[in-house]
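Here's the letter readout for the chains.
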Amino acid sequence: MTSAIAVREARSSVRTADFATVSTPIGPFTALVDGDGAVLASGWTADAHNLRSLIHATLRPAELRERDELGGVTDAITAYHRGDLTAIDTVAVRQQSGEFLMHAWQILREVPAGTPLTYTAFAARSGRPAATRAAANACARNAAALFVPCHRILRTDGTLGGFRWGLPAKRWLIDHEASA
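## Details of the nonpolar core
Phase 1 of the analysis: Counting 53 residues, the largest nonpolar core has Val39, Trp44, Val73, Leu108, Phe122 and Phe147 as the members making the most contacts within it.
Phase 2 of the analysis: Take this core: its biggest share by element is seven residues, from helix α3 (residues 99–109).
Phase 3 of the analysis: Excluding residues within four positions of it along the chain, Val73 makes contact with Ala31, Val33, Gly37, Val39, Val91 and Phe147.

Okay, structure coming up:
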């Protein structure tokens, strides 16, 4: 996979992020990108300021600038929701946290669409088989929903578990990917 979650040091903090909102079958989807076009935060909301609050403090932009679209990022969002489940795979994402979360987010990007994992299996793939709660925390702290597909992680019994954007959205995503 060509995309990676990059770490930026505090001294390279983002000053302004662009954002755009796209209509999807499960509601508005907003993405915030840095000057390089990497996704800093995204989710099924029209509230860019709420998304901004999810970004690690060293990457959090001081200002937001609304755009009609974000080029390849907008194209990927639209294509994914129309059925091209791999459209999100090459979109650059930039998040920052500790070593385990950074690694876990990269592992999430490698979970293929249509093949959800349990939190336990995700913990094992992340190198900490006994750390199911830490794996769940990686999903909960993921600011770049869709591009870092935390929706592909389920409870051991196959139920949905939690999802910042609501369980109906998670159900739609799981079903959308299963039907492809």
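## Side note on helix α6 (residues 167–178)
Since the α-helix packs 3.6 residues into each turn, any two residues three or four apart lie on the same face.
Phase 1 of the analysis: The terminal C-alpha atoms of α6, which comprises twelve residues, lie 16 Å apart, in line with the 16 Å expected from a rise of 1.5 Å per residue.
Phase 2 of the analysis: All of the buried residues along α6 are Ala169, Lys170, Leu173, Ile174, His176 and Glu177. Each buried residue of α6 sits inside an arc of 165° when the element is viewed along its axis, so together they form one side. Among the exposed residues of α6, those pointing more than 90 degrees away from its buried face are Pro168 and Ala178.
Phase 3 of the analysis: Where α6 is buried, its residues meet α2 (72–82), α4 (119–125) and β8 (153–154).

## Topic: a negative patch on the surface
Phase 1 of the analysis: Taken together, the side chains of Glu66, Asp68, Glu69 and Asp75 define an acidic patch exposed on the protein surface.
Phase 2 of the analysis: Within the secondary structure, Asp68 sits in the loop between β5 (63–66) and α2.
Phase 3 of the analysis: The exposure class assigned to Asp68 is exposed, which follows from its relative accessible area of 79%.

## So, the packing of α3 against helix α5 (residues 132–140)
Phase 1 of the analysis: It is at 9 Å that the axes of α3 and α5 come closest, and there the two elements cross at 75°. Compared by their axis directions, α3 and α5 come out roughly perpendicular. Mapping the contact onto sequence places Phe100, Leu101, Ala104, Trp105 and Leu108 in α3 and Ala134, Ala135, Asn137, Ala138 and Cys139 in α5.
Phase 2 of the analysis: For the contact of α3 with α5, the per-class residue count stands at nine nonpolar, one polar and no charged.

What counts and what doesn't
- Residues numbered from 1 in each chain as written.
- Predicted model: local features only at pLDDT ≥ 70, side-chain atom pairs only at ≥ 80, totals over all residues.
- Heavy atoms only, no water.
- Core = buried A, V, L, I, M, F, W, Y, C linked by side-chain atoms within 4.5 Å.
- Buried < 20%, exposed > 50% of the residue type's maximum accessible area, 1.4 Å probe, protein only.
- Helix = DSSP H or I, 4+ residues; strand = E, 2+ residues; numbered from the N terminus.
- Contact = heavy atoms within 4.5 Å.
- Expected span 1.5 Å × (residues − 1).
- Arc of directions from axis to C-beta.
- Patch = residues over 30% accessible without salt bridge, like charges linked within 9 Å, V, L, I, M, F, W, Y side chains within 5 Å.
- Areas by Shrake-Rupley, 256 points an atom, 1.4 Å probe, with all protein chains shown as cover.
- Salt bridge = Lys/Arg side-chain N within 4 Å of Asp/Glu carboxyl O.
- Lys, Arg positive; Asp, Glu negative; His and termini not counted.
- Charge placed at Lys NZ, Arg CZ, Asp CG, Glu CD.
- Axes fitted to C-alpha atoms, helices over the stretch in contact; angles between N-to-C directions.
- Parallel < 35°, antiparallel > 145°, perpendicular 65-115°, else oblique.
- Nonpolar A, V, L, I, M, F, W, Y, C, P; charged D, E, K, R; others polar.

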